[in-house]
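Per-entry structural report
So you can see what is in the structure, the chains are spelled out below.
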Amino acid sequence: MSKQDNFRKQVKSIYSILVVSFIMVLLIGALGVMYMIDPSVFSYKKDTPDSKVVNVSPENDDRDKIENGIHLRTGLKDGEGLMTVVNNCTNCHSAQLVIQNRMNQERWVETIRWMQKTQNLWDLGPNEKVIVNYLVTNYPPKSKGRREALTNIEWYPLNE
Ligand code: HEC
């Protein structure tokens, strides 16, 4: 094999390496562009949302429907300051936690302070007054020691 032939072979192989790398760069670039245009192209599964998107716009009044004095979504009683309570007190835990607790003003404020100190509850600012007022009005301490006597009972005979 002549020297010239050898040289040609080397040039040829370098040339093909260059061509292959060039094609690879082109491919990767194309994939990159595709990804930028629509990242979902590369997701294995089609992203079909499995939960319905809830329309949270204020016009959607279904979401904050009140029936028989109860805010349906949370179960809280309707009253002055209801939405302030819904917006500040149902983010971390269910409104049930609020409903189950009945306290006087002092203890409601204490509970809020406790959450602010230990649970990252934010400063409620002027809303605090509105919230505490709502809570004391709608969820005051229960004064009845026991349930009311049952009335209107349909008794049925026990068959032995
Ligand atoms: C930043 C999150 C967060 C927010 C917002 C929040 N809380 Fe809480 N709250 C908690 C956590 C955490 C607990 C403890 C839950 C548990 O014990 O499972 C709690 C517990 C409670 C309890 C039960 C306290 C007890 O002694 O058992 C009540 C009542 C309560 N929250 C009322 C409210 C009210 C009213 C608001 C609105 C002002 C509110 N929460 C807003 C985090 C929050």
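Quick caveat, the model's predicted, so the values are computed rather than measured.

Once that is clear, we can look at the packing of helix α4 (residues 105-118) against helix α5 (residues 127-138). In the contact formed by α4 and α5, the axes pass within 9 Å of each other and the chain directions differ by 130°. As the angle between them shows, α4 and α5 are arranged oblique. Along this stretch, α4 crosses α5, giving a crossing that reads as right-handed. Across the interface between the two elements, Gln-105, Trp-108, Val-109, Ile-112, Arg-113 and Gln-116 from α4 touch Glu-128, Ile-131, Val-132, Leu-135 and Val-136 from α5. The class makeup of the residues in the contact of α4 with α5 is 7 nonpolar, 2 polar and 2 charged.

What follows covers the pattern of salt bridges. Evaluation of the coordinates by the stated rule reveals 2 salt bridges. With a closest N to O distance of 2.7 Å, Asp-64 and Arg-73 form a salt bridge. In this structure Asp-64 comes out as partly exposed when scored by relative accessible area, which is 30%. When the shortest N-O distance is used, the salt bridge between Arg-113 and Glu-128 registers 2.8 Å. Of this pair, Arg-113 sits in helix α4 while Glu-128 sits in helix α5; the two residues are 15 residues apart in sequence, bridging distant segments of the chain. Given the relative accessible area of 15%, Glu-128 is considered buried.

Here Asn-88 lies in helix α2 (residues 82-89). What makes Asn-88 buried here is its relative accessible area of 14%. At 2.9 Å, the side chain of Asn-88 forms a polar contact with the side chain of Trp-122.

Our next topic: the coordination of the iron atom of the ligand. Distances from the iron atom of the ligand to its protein donors, His-93 (NE2) and Met-115 (SD), fall at 1.9 to 2.0 Å. Exposure remark for Met-115: the relative accessible area of 18% places this residue in the buried category.

Moving on: the confidence of the model for the protein. Here the protein averages 87 in pLDDT, while 85% of its residues score no lower than 70. Mean pLDDT in the protein bottoms out at strand β1 (residues 66-67), which sits at 91, and peaks at α5, which reaches 96.

Cut-offs used in this document
Residues numbered from 1 in each chain as written. Predicted model: local features only at pLDDT ≥ 70, side-chain atom pairs only at ≥ 80, totals over all residues. Heavy atoms only, no water. Axes fitted to C-alpha atoms, helices over the stretch in contact; angles between N-to-C directions. Helix = DSSP H or I, 4+ residues; strand = E, 2+ residues; numbered from the N terminus. Parallel < 35°, antiparallel > 145°, perpendicular 65-115°, else oblique. Left-handed = near helix turned anticlockwise from the far one by under 90°. Contact = heavy atoms within 4.5 Å. Nonpolar A, V, L, I, M, F, W, Y, C, P; charged D, E, K, R; others polar. Salt bridge = Lys/Arg side-chain N within 4 Å of Asp/Glu carboxyl O. Buried < 20%, exposed > 50% of the residue type's maximum accessible area, 1.4 Å probe, protein only. Polar contact = N/O pair within 3.5 Å; in protein donor to acceptor, adjacent residues only side chain to side chain. Donors = N, O, S within 2.8 Å, 3.2 Å for Na, K, Ca; no water. pLDDT = per-residue confidence, 0-100.

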